[in-house]
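Listed below are the residues making up each chain.
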Amino acid sequence: MDFAPTARVKEHEERLLDFMDTFVYPNEAVYEQQIEASGNPHFHPPIMEELKAEARRRGLWNLFHPHSEWGPGLTNVEYAPLAEITGRSPIAPEATNCSAPDTGNMEVLTMFGTAEQQETWLRPLLEGRIRSAFAMTEPDVASSDATNIALSIERKGDEYVLNGRKWWITNAMHPNCRILIVMGKTDPDAPKHRQQSQVLVPLDTPGVTIKRALPVFGYLDHEGHVELEFDNVHVPASNLIAGEGDGFMISQARLGPGRIHHCMRTIGAAERALELLCKRALSRTTFGQRVADRSNIQDWIAESRIDLEMTRLLCLKAAWLMDTVGNKGARVEISAIKVAAPGVALRIIDRAIQVHGGGGVSQDFPLASLWAHLRTLRLVDGPDEVHKMTIARRELRQYDTKPGPEAPSARNESPPTSGG
């Protein structure tokens, strides 16, 4: 494994760091002020379109996309340090057209979409003209097991009719959101992993109702996380992605890269929290001594650096395996980093909050918001417990000499779960 940055990564990294310093960090406050002045938490601030235009001008667009037709065509290992940099700011991923859930939806349409679907929905997503959402999680079933998904997708002539509810559907309140990828059941009598399908549903389709926006620890996010109702929603049969019964397989393909992208950005958020911790500790004095000189604070700083370096290496290993043996061959490492990265980041952010005192839980610093959003990552794209089950089953299978009905199964190593 060679994680040394390639020449094109160094070039993109230099441009991206300058973009962050010159445009992104100085405009974080402007972004928030424009939303606040509008009186609408889901208002699309004009500064974002300015940032997007600048990112495109600098060639910092669709960095995640593996195909050079639409982006630089980076490998997962090459994209990792760039995603980490964008993860340092909550507005950088959208500014570079690399934010979830759009990235996963673009990958689905790239891999499985028809020519018509790609022209209608993929192209405007790649150009940053629209946003999208992935509707999988449901309020009435334990969605950590995706085979529980119950929304009905029934074929009637040349159409599919959808009935059911979804929730925690991220991005649905974004003013530019136009399309949903919806997962539901087309054949309840089929084998367990062939019951589900995915269809494209424009957000303005009659029968699609946004019931409410769901706050996260009191934060109403700009992009929104909503509860949706589907009441006799009709879409053309041509909106089916791949074939009937392919929904579970599509989710497996979608969520592998999505999980590791989250982790890459999470490492960047943790790096920013550690930077804030150090600067605060150096600038504050208690009982005649700098906070940074206290042994317990130095322990926190050292432990944070150690944890971050280990987490980054695990992330790079998972990315390298995805590049060399594919997502399926990297599923254990993907599950491992999906558990490790949020846990490490939350510990570091918590330490930074503590060092900031009362300021740490206020909106004067980004730490409280960072903690709230990264806490959700222990649920999004599969809760920790599901990923630990994947890892444990692989370990046990090495020593299990009596496989039977109760023995760990390899069939569903990495359930496609999603928090939105």
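A brief structural summary. Not measured: the values here are computed from a predicted model.

**Here we look at the pairing of strand 7 (residues 225-236)**
Each regular strand carries side chains that alternate between the two faces of the sheet.
Part 1 of the reasoning: Across nine bridges, the pairing between strand 3 (residues 159-170) and strand 7 is antiparallel. Looking at the pairing, Glu159 lines up with Pro236 of strand 7.
Part 2 of the reasoning: Here strand 6 (residues 208-213) runs beside strand 7; their pairing, made up of five bridges, is antiparallel. Within the sheet, the bridge partner assigned to Val208 lies in strand 7 and is Phe230.

**Here's the deal with the pattern of salt bridges**
Part 1 of the reasoning: The full count for this structure, using the stated rule, is 28 salt bridges.
Part 2 of the reasoning: Its salt-bridge partner being Glu94, residue Arg131 comes within 3.1 Å of it at the nearest N-O pair. Remark: Glu94 occurs in helix 4 (residues 92-95) and Arg131 occurs in strand 1 (residues 131-135); sequence separation between them is 37 residues.
Part 3 of the reasoning: Exposure remark for Glu94: the relative accessible area of 9% places this residue in the buried category.
Part 4 of the reasoning: Here Glu309 and Arg312 are joined by a salt bridge, their closest N and O atoms 3.1 Å apart. On the criterion of helical spacing, the pair formed by Glu309 and Arg312 is a turn pair, its members being three residues apart in helix 8 (residues 295-329).
Part 5 of the reasoning: Since its relative accessible area comes to 34%, Glu309 is described here as partly exposed.

**Details of the side chain of His261**
Part 1 of the reasoning: By the element assignment, His261 lies in helix 7 (residues 247-283).
Part 2 of the reasoning: Classification of His261 as buried rests on a relative accessible area of 1%.
Part 3 of the reasoning: Setting aside chain neighbours within four positions, we find His261 in contact with Phe64, Asn76, Tyr79, Thr103 and Glu107.

**Some thoughts on the packing of aromatic side chains**
Part 1 of the reasoning: For the structure shown, the criterion picks out three aromatic pairs.
Part 2 of the reasoning: When the ring of Phe217 is compared with that of Trp371, the centres are 5.4 Å apart and the planes differ by 65 degrees; the resulting orientation is edge-to-face. Taken together, the residues span a long stretch of sequence, with Phe217 in the loop between strand 6 and strand 7 and Trp371 in helix 10 (residues 367-376) at a distance of 154 residues.
Part 3 of the reasoning: Of the residues examined, Trp371 reaches a relative accessible area of 28% and is grouped as partly exposed.
Part 4 of the reasoning: The ring of Tyr160 carries Arg155 above its face, with NZ or CZ at 5.3 Å from the centroid.
Part 5 of the reasoning: Lying across the ring of Phe134, Arg254 places its NZ or CZ 4.0 Å from the centre.

How each quantity is defined
- Residues numbered from 1 in each chain as written.
- Predicted model: local features only at pLDDT ≥ 70, side-chain atom pairs only at ≥ 80, totals over all residues.
- Heavy atoms only, no water.
- Pairing = 2+ DSSP bridges.
- Helix = DSSP H or I, 4+ residues; strand = E, 2+ residues; numbered from the N terminus.
- Salt bridge = Lys/Arg side-chain N within 4 Å of Asp/Glu carboxyl O.
- Buried < 20%, exposed > 50% of the residue type's maximum accessible area, 1.4 Å probe, protein only.
- Contact = heavy atoms within 4.5 Å.
- Phe/Tyr/Trp six-rings, centres within 6.5 Å; stacked < 30°, edge-to-face > 60°.
- Lys NZ or Arg CZ within 6 Å of the ring centre and 35° of its normal.

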